[in-house]
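Residue-level structural notes
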Amino acid sequence: MSVAVEMAQTAADVADVPKMRGRDVNVFYGDKQALFDIDLDIERNRVTSLIGPSGCGKSTFIRCLNRMNDTIDICRVTGDIRLDEQDIYDPGIDVVELRARVGMVFQKPNPFPKSIYENVAYGPRIHGMTRSKAELDELVTSSLRRAGLWDEVHDRLDQPGTGLSGGQQQRLCIARAIATSPEVLLMDEPCSALDPIATATIEELIDELRENFTIVIVTHSMQQAARVSQKTAFFHLGRLIEEGPTERIFTNPQNEKTQDYITGRIG
Amino acid sequence: MTEIAADPMPQSAIHTSESARARLAARYRTERVFRFLGQAAIGVSVAFLALLLTTVVIQGVPAFTYNFASLDFDLSSERLGGPDEISKADFDGIVRDAIRGEFPQVTGRTPRRLLGGLISSGAPVLLRERLVGDPSLVGSSGRVSVPVSDFADLYLKGQITGSEYRDFTSPIVLEASGDGSTYTVTADQAVFGDVLELVKQRLLADAAALRQRAEGQARSQARIQSDIVGFESRLSAAEDAAESAGLTARLEQARANLDSVTAEIARLEADAADREARAGSAVSGEPMTDEDPSLLIYAADGVIRATHITATTVEGEAMLPVADPGSLVGNGWRLRILDVPESNRKFSDQEIVWTDTLVDRGEVASAFNWIFFSKGASREPEMAGVWGAVVGSTLTLVVTLALSFPLGVAAAIYLQEFAPKNRITTLIEVNINNLAAVPSIVFGLLGLAVFLNFFEFDRSAPYVGGMVLGLMTLPTIIIASRVSLGAVPPSIREAALGIGASRLQTVVHHVLPLALPGILTGTIIGMARALGETAPLLMIGMVAFIVDIPGSFSDPATVLPVQIFMWADFPEAAFQHRTSAAIIVLLGFLIVMNALAVIMRWRFERRW
């Protein structure tokens, strides 16, 4: 097989195969089961939003995708989750590498208590992504630019990241996450602590980031899901009730519970 | 929607009714009481602290200065010998000659020995050190200062006796009598009247004491008399010869006792009556004993101590020779009364006069007590210093810190961040908490059994002390570190893990810096406890009397609290001051350590 054909073949595979795929995912906290038999595909370069009432398991699911649940002693995950057809719970997989490829932005902005520059530079530095100070400066600058924060902080990069406003802190966390060039970006209710203006900024940002990243976002806001995502999955009491293109879910839900939720009758 | 139960009262009245106001008032009252109790507690603590500190400072500050005599020592090379022989020279003799040179009129073995005692017995040692260290002093003229004796120092600090001076301008006549060492002072007024009054008071007090003894004797007299009556009645009733012979002998004995007791009572009462009569007499003079307050007369460049006194005349012996006896001293003489009788103090009138003379000549002066801050232990209070203990404490604490800080922090990080939560780790945790409460002497026993007996490490060595204290401090540091690691918000860990930091990177780069201020505080608390610890060090022999300043971790050493403990046991008054002064040094050490911790805390906290 020639190289060209091989590349074409790979490109075709890549186009077909979802970026991430979960099959029969069950999660237990001790004896309590939190997720039941979740089958969900995360499409490449799309925004997938997970919606559902509080405690329905959407955050638990997103935390399975980069194995953040490993940090909880009593948490146990079964089933099959693949990133580019590779089982991420395989004992041979390196969790550090996985988390570098699947970045995460948390519900509450959690910048490191260090300078703005150090916040963004930390990931590239520990992964050895740059060879010189100039390269690192360039990466920090471009990450801050892509997170839409550069204009506001370019003259005070040495100030503590914790001194920024809530919305700025969250964009700093996004800059920090994208600085390590992840393939997938997980966002766990990134706007829940923000005012409407900061929320709008971040939503615009998500839309721009879609070109380069595969994004999974957990949100409580139906409008937000409708605005930013192409695919929506509705969780209820630990089960995946319905998934599909965002437009269809919101205009023509198949399941009664979905219908009730998006019209505000449950939750 | 839930139904709201029917209101017992209109809703508007719930928070405005009388009973609601009463409840509110009660709440405020509780708050006021609580606030008052809190303030009272703080007030009491502050008062106790102030009391403690004032006592220690008042006791200890006198030890920070000392009186040094700068004497004209004979440092000629003839006296000292060649450069190699300096250390073998007769420094005792040099010091002795120097002080004798100050008072050439003093002759006789006993007075000369008394004079030599004014200078510390450590003076020859210091002089030798000085000359060995700086041989260029050989042959030089000029004075070298050496410490005075501890009693001379205490006297100059006003701690031996108080004294009262009276200046007179009325004329007195000084007449030498006898061999010239005794004098008669005659004044034209009754200037010695109130001193005589003091003597008479002492006579009355003596008489009262004698009468009390007589009363005691009278009680035994009565007992013997009743015994005699008993013997007599039993004798008259006695039936056989043996019994009556025994009783007769005992009767004889009791009668003899009665006679001697009666004589003793008579003697005591006669003595008491004599003293009372002397005290009551308006004209007669009195001899002054060493139980009376001493009376010194300063006139014509000399000093006379009264041995016999009337209201207008004093007979006395010369403490310092008078310039020209037989003269009339018209003006400028003074009288001095020393409150504490000579028999109640260890510094005689003669020594007081000599010491004052040296001070007047400017040869004895108070200066910073460098000996206290640069020497090790000594039996002589004036040669005893705290430096050996300070160095010992420092060396010990360095070992303690080097051992317990890395071990403690590493253990805490492992237990808090890495260890799985299971029965074994729970058991370890409980045991660490219990270890923190183990009495310190137990660690001393452990050190004795393991370090000294099993491993055969050096006795009294700072490194062994440091290891024992390190074991003692370890649980404190582990607990404090775990608490402050646990207090770091989990969001920081998630942030680091979420961008692909390993667990160790997460801990070292993010969690540990945030926990460090708390860890340092815990470490300082542990180190402060180690600094003040005495009991475990007693067990491993750091209580020894060590004169040399320790130069390394394996030299025999002692530590500050042990030094304080040992000095507190010494009876000399000068050591009591040094005990308090060493406590001040220990507190200073603590304050420096805490200040360091505060600075470090502040610097680490500024990083975020």
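Here is what the cut-offs are and how they apply
Residues numbered from 1 in each chain as written. Chains lettered and ligands numbered in written order. Predicted model: local features only at pLDDT ≥ 70, side-chain atom pairs only at ≥ 80, totals over all residues. Heavy atoms only, no water. Core = buried A, V, L, I, M, F, W, Y, C linked by side-chain atoms within 4.5 Å. Buried < 20%, exposed > 50% of the residue type's maximum accessible area, 1.4 Å probe, protein only. Helix = DSSP H or I, 4+ residues; strand = E, 2+ residues; numbered from the N terminus. Contact = heavy atoms within 4.5 Å. Expected span 1.5 Å × (residues − 1). pLDDT = per-residue confidence, 0-100. Buried area = accessible area lost by both parts, 1.4 Å probe. Salt bridge = Lys/Arg side-chain N within 4 Å of Asp/Glu carboxyl O. Polar contact = N/O pair within 3.5 Å; in protein donor to acceptor, adjacent residues only side chain to side chain. Patch = residues over 30% accessible without salt bridge, like charges linked within 9 Å, V, L, I, M, F, W, Y side chains within 5 Å. Areas by Shrake-Rupley, 256 points an atom, 1.4 Å probe, with all protein chains shown as cover. Phe/Tyr/Trp six-rings, centres within 6.5 Å; stacked < 30°, edge-to-face > 60°. Lys NZ or Arg CZ within 6 Å of the ring centre and 35° of its normal. Pairing = 2+ DSSP bridges. Axes fitted to C-alpha atoms, helices over the stretch in contact; angles between N-to-C directions.

What about the nonpolar core?
Residue and element names in this part refer to chain B. Judged by nonpolar contacts, the single largest core of 45 residues is most densely connected at F73, F91, I119, L127 and L131. Only β1 (65–71), α3 (91–102), α5 (123–133), β2 (144–147), α6 (150–156), β7 (294–299), β9 (313–320) and α9 (349–360) provide two or more residues apiece to this core. Element by element, the count of residues in this core is highest for α3, at five residues. With sequence-adjacent residues up to four places away left out, I119 is seen in contact with A69, L71, V95, I99, V146, P147, V148 and S149.

Regarding α3(B)
Residue and element names in this part refer to chain B. Taking 1.5 Å as the rise per residue, α3 with 12 residues should run 16 Å; its terminal C-alpha atoms sit 17 Å apart, in good agreement. Residues of α3 that are buried include every one of F91, G93, I94, V95, A98, I99 and E102, and no others. Along its buried surface, α3 packs onto β1, α2 (77–80), α4 (109–116), α5 and α9.

Observations concerning the confidence of the model for chain B
Residues of chain B with pLDDT of at least 70 account for 95%, and the chain-wide mean is 87. Reported confidences for the modelled complex are a pTM of 0.79 and an ipTM of 0.87.

Quick notes on the interface of chain A and chain B
If you look at the interface, chain A gives 23 residues, while chain B gives 18 residues. Taken over both partners, the interface formed by chain A and chain B buries close to 1700 Å², and the fraction arising from carbon and sulfur atoms is 62%. Of all residues in chain A, F112(A), P113(A) and Y122(A) give up the largest surface area on contact with chain B, accounting jointly for 29% of the area buried on that side. Between the two partners, chain A and chain B, sit one salt bridge. A salt bridge links R63(A) to E494(B); the nearest nitrogen and oxygen atoms lie 2.9 Å apart. Summed over the shared surface of chain A and chain B, the result is six residue pairs in polar contact (both at pLDDT 80 or more). Among the secondary structure elements, those contributing two or more residues to the side of chain A that touches chain B are α3 (95–101), β6 (102–105), α4 (116–126) and α7 (166–179) of chain A.

What about a nonpolar patch on the surface?
All names here are of chain B. The grouping of L49, L52, L53 and L587 at the surface amounts to a nonpolar patch, some 340 Å² of accessible area in total. Broken down by element, the residue count for the nonpolar patch peaks at three residues, all from helix α1 (residues 18–60). Structurally, the position occupied by L52 is in helix α1.

Observations concerning the packing of aromatic side chains
Each aromatic ring pair is characterised by the separation of its centres together with the angle its planes make. For the coordinates displayed, the defined rule picks out 21 aromatic pairs over all chains. An angle of 70° between the planes, with centres 5.8 Å apart, marks the rings of Y66(B) and F68(B) as edge-to-face. Both residues of the pair, Y66(B) and F68(B), belong to the buried class. An aromatic cluster is present here, built from F64(B), F368(B), F372(B), F373(B), W567(B), F570(B) and F575(B) joined pairwise through their rings. Here R176(A) stacks its cationic end above the ring of F112(A), 4.5 Å away from the centre of that ring. The lysine or arginine in question, R239(A), covers the ring of F36(A), its NZ or CZ lying 4.2 Å from the ring centre.

Some points on the confidence of the model for chain A
In the predicted model, chain A carries a mean pLDDT of 88, and the fraction of residues at 70 or more is 93%. When the criterion is pLDDT under 50, residues 1–5 of chain A qualifies, and its contacts beyond four places in sequence or with other chains add up to one contact.

As for the pairing of strand β8 (residues 302–309) of chain B
All names here are of chain B. Among the eight residues of β8, six are classified as buried, and the element is accordingly described as predominantly covered. Across two bridges, the pairing between strand β6 (residues 286–287) and β8 is antiparallel. When the sheet's bridge partners are listed, P287 is paired in β8 with H308. In the sheet, β7 pairs with β8 via four bridges, with the strands oriented antiparallel. By the bridge assignment, L296 is partnered in β8 with R305.

As for unusual backbone geometry
Although it is not a glycine, R67(A) adopts a positive phi angle of roughly 60°. Here R67(A) lies in the loop between α2 (58–65) and β4 (75–83).

Section: the environment of V507(B)
Residue and element names in this part refer to chain B. Among the structural elements, V507 can be located in helix α16 (residues 503–531). Considering only alpha carbons, one finds V507 and F418, 89 residues apart in sequence, at a separation of 9.8 Å. Among all residues touching V507, those that are not within four sequence positions of it are I413, E417, F418, L512 and P513.

Remarks on the packing of helix α11 (residues 387–418) of chain B against helix α18 (residues 560–569) of chain B
Between α11(B) and α18(B), the least distance of the axes is 8 Å, while the angle of their chain directions is 145°. Together, A389(B), V390(B) and S393(B) of α11(B) and L560(B), P561(B) and Q563(B) of α18(B) make up the contact between the two elements.

Thoughts on the side chain of S294(B)
All names here are of chain B. Following the sequence through the fold, S294 ends up in strand β7. A polar contact is formed between the side chain of S294 and the side chain of D349, at a distance of 2.8 Å. With near-sequence residues (within four places) excluded, S294 lies in contact with R336, I337, L338, E342, R345 and D349.

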